[in-house]
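Breakdown of the fold
Single-letter residue listing:
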Amino acid sequence: MTSLLVKNARLMACMDEGRQETENGGLYIEDGFIKQVGVSSGLPETADEILDLTDHVLLPGLINTHHHFYQTLTRAVPTAQDVNLFNWLKTLYPIWARMKPEDIRISTKTALAELALSGCTTASDHLYLFPNGARLDDEIQAALEFGLRLHASRGSMSLGESKGGLPPDSVVDDEDEIIRDSQRLIETYHDASPGAKIQIVLAPCSPFSVTGELMKQSADLAREYGVHLHTHLAETQDEEEFCLEKFGHRPVAYMQAVDWVGDDVWFAHSVWVNQSEIDLYANTGCGVAHCPSSNMRLASGIAPIWEFMKAGVKLGLGVDGSASNDSSHLLAEARQAMLLARVRAGIEGASLSGSEAPVLTARQTLEIATIGGAKVLGRTDIGSLEVGKCADFIAINLNRIDYAGALHDPLAAVLFCNPATVAHNVVGGEFIVKNGELQTLDLSTHIENHNRAANRLLEEV
């Protein structure tokens with residue numbers, strides 16, 4: 001048995017049902033799970049390791065519900081900087097088609113490193129193209145070496161340009177092989193037990209890149225094995241027009257037609273949805289991954305966060321692809337979500353609530369980024385600091401210039417002030433970041449390798 005005592009936090013925000021906030025708080029941890037939560041004086045005095053969090057805010061680890069790790073290789077590509085989603089994809093598909101298995105492994109660790117330093121302890125990634133022998137296994141092995149929890153989505157594209165889809169035929173796969181590989185991955189890696197490091201998700205890429213038959217087969221397979229389903233949905237008006245023309249349905253209605261609604265489903269974006277579709281999400285248990293930076297970067301629009309929350313839709317946060325956000329900084333994404341919701345409130349005003357413009361608070365935003373993300377992913381063992389849950393937590397040092405003058409409300413300061421690197425990031429009782437330094441990756445060497453791989457991809461264009 002190994003134990004860890006965490007004590008003396010300036011403020012501990014548990015994100016439990018009562019949203020408990022404790023001054024001078026701490027945790028007692030054994031074998032990766034929380035055994036005690038409370039005021040430091042009430043915790044055991046000894047442990048195998050003791051972490052003193054004087055002048056720190058203690059939070060549950062942040063949860064990222066939508067990402068594309070491989071896109072860290074194509075950040076700020078000049079020809080993709082100033083275009084909308086469909087043209088952005090058409091620009092980058094040929095570059096991504098050159099990736100090799102090693103590129104998947106390198107980019108996975110790059111994304112996880114940035115996520116970990118910004119407070120993420122669990123990440124869901126959507127990998128949907130597998131060129132030149134690459135497999136989801138490459139990402140999974142890299143994540144296991146790094147140490148964050150991973151919901152690895154077996155994405156897919158089968159509807160190439162020759163069949164009326166958006167992606168070029170060079171990056172699509174045979175549907176029978178997609179289903180066979182999906183089953184193999186579930187049987188090989190999926191872990192449904194508390195504290196699981198790896199879970200598999202089935203995730204056909206989008207309505208404009210797969211057939212309805214593949215959507216149905218994926219749903220059937222996922223429900224046979226008890227795994228979750230994920231896809232992009234209602235991200236842009238272009239997508240809405242595509243679905244109406246090709247399927248005769250708006251995107252959400254199309255999901256109903258292919259058996260893709262339920263509490264085992266979550267969608268990325270959902271910017272262009274109406275109130276009846278929001279109510280459908282709430283009534284059927286569908287979740288949403290809100291990706292504000294990507295939606296801004298690609299001029300996709302502003303998701304109706306206030307309406308989701310009011311209706312009771314499960315809502316998490318996602319940094320999305322690092323080529324449509326150009327960052328994997330999850331704490332910064334939370335701040336962006338808070339500020340963007342306020343921009344919309346200022347533009348649309350009282351029409352959003354019927355009385356006065358709603359303001360998304362720092363605490364509401366942190367709930368979305370923690371316990372909200374856990375609910376979206378279907379996890380009951382993470383997302384809050386409670387007895388019996390995984391010992392996944394982060395600590396942010398308030399004794400730095402970024403937070404000077406903001407200690408009237410340390411928890412709000414975490415988002416109102418420009419987000420910094422976390423001091424500590426612990427997953428299952430194991431340090432991923434300690435005193436601001438990554439413990440599981442030689443960052444300087446890795447950055448050199450990553451930039452070399454990124455340069456190769458563009459040099460071959």
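Right above here is the structure, for reference.
Before going into details, it helps to say that this report is about the structure given with it.

What follows deals with the pairing of strand E2 (residues 21–30). With 7 of its 10 residues buried, E2 lies for the most part within the structure. The sheet contact formed by strand E1 (residues 3–13) and E2 spans 8 bridges and is antiparallel. When the sheet's bridge partners are listed, Met-12 is paired in E2 with Thr-22. Here E2 runs beside strand E3 (residues 33–39); their pairing, made up of 6 bridges, is antiparallel. Directly across from Tyr-28, in E3, lies its bridge partner Gln-36. As consecutive antiparallel partners, E2 and E3 are separated by 2 residues, and within that stretch Asp-31 has a phi angle of approximately 50°, a positive value.

Another point: a negative patch on the surface. Taken together, Glu-187, Glu-213, Asp-220, Glu-224 and Asp-259 make up a surface patch of like negative charges. The biggest single contributor to the negative patch is helix H5 (residues 212–225), with 3 residues. For Glu-224, the position within the fold is in helix H5. Assessed through its relative accessible area of 59%, Glu-224 is described here as exposed.

It is worth spelling out the nonpolar core at this point. Counting residues in hydrophobic clusters, the biggest one holds 123 residues, and the most contacted among them are Trp-96, Ile-200 and Tyr-281. If sequence neighbours within four positions are ignored, Trp-96 has contacts with Tyr-70, Gln-71, Thr-74, Trp-88, Leu-89, Tyr-128, Leu-129 and Pro-131. Core analysis: the second largest hydrophobic core is formed by 17 residues, Ala-9, Met-12, Leu-51 and Phe-393 among them.

Turning our attention to a nonpolar patch on the surface. Among the surface-exposed residues, Ile-302, Val-343 and Ile-347 lie close enough to one another that they form a single nonpolar patch of about 260 Å² accessible area. Relative to the assigned elements, Ile-302 resides in the loop between helix H9 (292–297) and helix H10 (305–311).

This paragraph deals with the environment of Ala-222. Structurally, Ala-222 can be placed in helix H5. Judged by relative accessible area, Ala-222 falls into the buried class, the value being 0%. Through-space distance from the C-alpha of Ala-222 to that of Ser-182 is 9.0 Å; in sequence the pair is 40 residues apart. Ala-222 has contacts with Leu-202, Val-227, His-228 and Leu-229, leaving out every residue within four places of it along the chain.

The next subject is the environment of Leu-280. Looking at the element boundaries, Leu-280 is found in helix H8 (residues 275–284). Leu-280 sits in the buried class, given a relative accessible area of 17%. Considering only alpha carbons, one finds Leu-280 and Thr-365, 85 residues apart in sequence, at a separation of 23 Å. Setting aside its immediate chain neighbours within four residues, Leu-280 contacts Val-252, Gln-256 and Val-261.

Further remarks concern the packing of aromatic side chains. Applying the stated criterion to the full structure yields 10 aromatic pairs. The interplanar angle of 75° and the centroid separation of 5.7 Å between the aromatic rings of Trp-88 and Trp-96 together place this pair among those described as edge-to-face. Of the two residues, Trp-88 and Trp-96, both sit in the buried class. Aromatic rings pair up to connect Tyr-70, Trp-88, Tyr-93, Trp-96 and Tyr-128 into one cluster. Positioned above the aromatic ring of Phe-431, the side-chain terminus of Lys-434 is 4.6 Å from the ring centre.

Right, let's get into the pattern of salt bridges. Between side chains of opposite charge, a pair can form as their charged atoms come close. In total, this model carries 24 salt bridges according to the counting rule given. A salt bridge links Lys-434 to Glu-49; its shortest N-O distance comes to 2.6 Å. Taken together, the positions of Lys-434 in strand E18 (residues 430–434) and Glu-49 in strand E4 (residues 49–52) put the pair 385 residues apart, joining distant regions of the chain. Overall, the relative accessible area of 27% leaves Lys-434 in the partly exposed class. Residue Glu-49 is classed as partly exposed on the basis of its relative accessible area of 30%. Salt bridges sharing partners connect three or more residues here, namely Arg-135, Asp-137, Arg-154, Asp-181 and Arg-184.

Where helix H3 (residues 136–146) contacts helix H4 (residues 175–189), the two axes come as close as 11 Å, and the packing angle between them is 20°. Between H3 and H4, the crossing angle belongs to the class labelled roughly parallel. Here H3 runs over H4; the crossing is right-handed. Counted together, Leu-136, Asp-137, Ile-140 and Gln-141 of H3 and Arg-184, Leu-185 and Tyr-189 of H4 form the full contact between these two elements.

Take helix H12 (residues 362–377) next. Taking 1.5 Å of rise per residue, the 16 residues of H12 would be expected to cover 22 Å, and the 22 Å separating its terminal C-alpha atoms lies within 8% of that figure. Most pronounced at Ile-371, the bend in H12 amounts to some 40°. A large share of H12 lies buried, amounting to 12 of its 16 residues. Looking at H12, one finds that the buried residues are Ala-362, Thr-365, Leu-366, Ile-368, Ala-369, Thr-370, Ile-371, Gly-372, Gly-373, Ala-374, Val-376 and Leu-377. Looking one or two residues past H12, Gly-378 carries a phi angle of roughly 75°, positive in sign.

Right, let's talk about the side chain of Asp-381 for a bit. Looking at where Asp-381 falls in the secondary structure, it is placed in the loop between H12 and strand E16 (393–397). Among the polar contacts listed, one links the side chain of Asp-381 to the backbone nitrogen of Gly-195, at a separation of 2.6 Å. Excluding residues that lie within four positions of it along the chain, Asp-381 makes contacts with Ser-193, Pro-194, Gly-195, Ala-196, Lys-389 and Cys-390.

Calculation rules
Residues numbered from 1 in each chain as written. Predicted model: local features only at pLDDT ≥ 70, side-chain atom pairs only at ≥ 80, totals over all residues. Heavy atoms only, no water. Buried < 20%, exposed > 50% of the residue type's maximum accessible area, 1.4 Å probe, protein only. Helix = DSSP H or I, 4+ residues; strand = E, 2+ residues; numbered from the N terminus. Pairing = 2+ DSSP bridges. Patch = residues over 30% accessible without salt bridge, like charges linked within 9 Å, V, L, I, M, F, W, Y side chains within 5 Å. Areas by Shrake-Rupley, 256 points an atom, 1.4 Å probe, with all protein chains shown as cover. Salt bridge = Lys/Arg side-chain N within 4 Å of Asp/Glu carboxyl O. Lys, Arg positive; Asp, Glu negative; His and termini not counted. Charge placed at Lys NZ, Arg CZ, Asp CG, Glu CD. Core = buried A, V, L, I, M, F, W, Y, C linked by side-chain atoms within 4.5 Å. Contact = heavy atoms within 4.5 Å. Phe/Tyr/Trp six-rings, centres within 6.5 Å; stacked < 30°, edge-to-face > 60°. Lys NZ or Arg CZ within 6 Å of the ring centre and 35° of its normal. Axes fitted to C-alpha atoms, helices over the stretch in contact; angles between N-to-C directions. Parallel < 35°, antiparallel > 145°, perpendicular 65-115°, else oblique. Left-handed = near helix turned anticlockwise from the far one by under 90°. Expected span 1.5 Å × (residues − 1). Bend = angle between axes of the 7 residues up to and from the residue. Polar contact = N/O pair within 3.5 Å; in protein donor to acceptor, adjacent residues only side chain to side chain.

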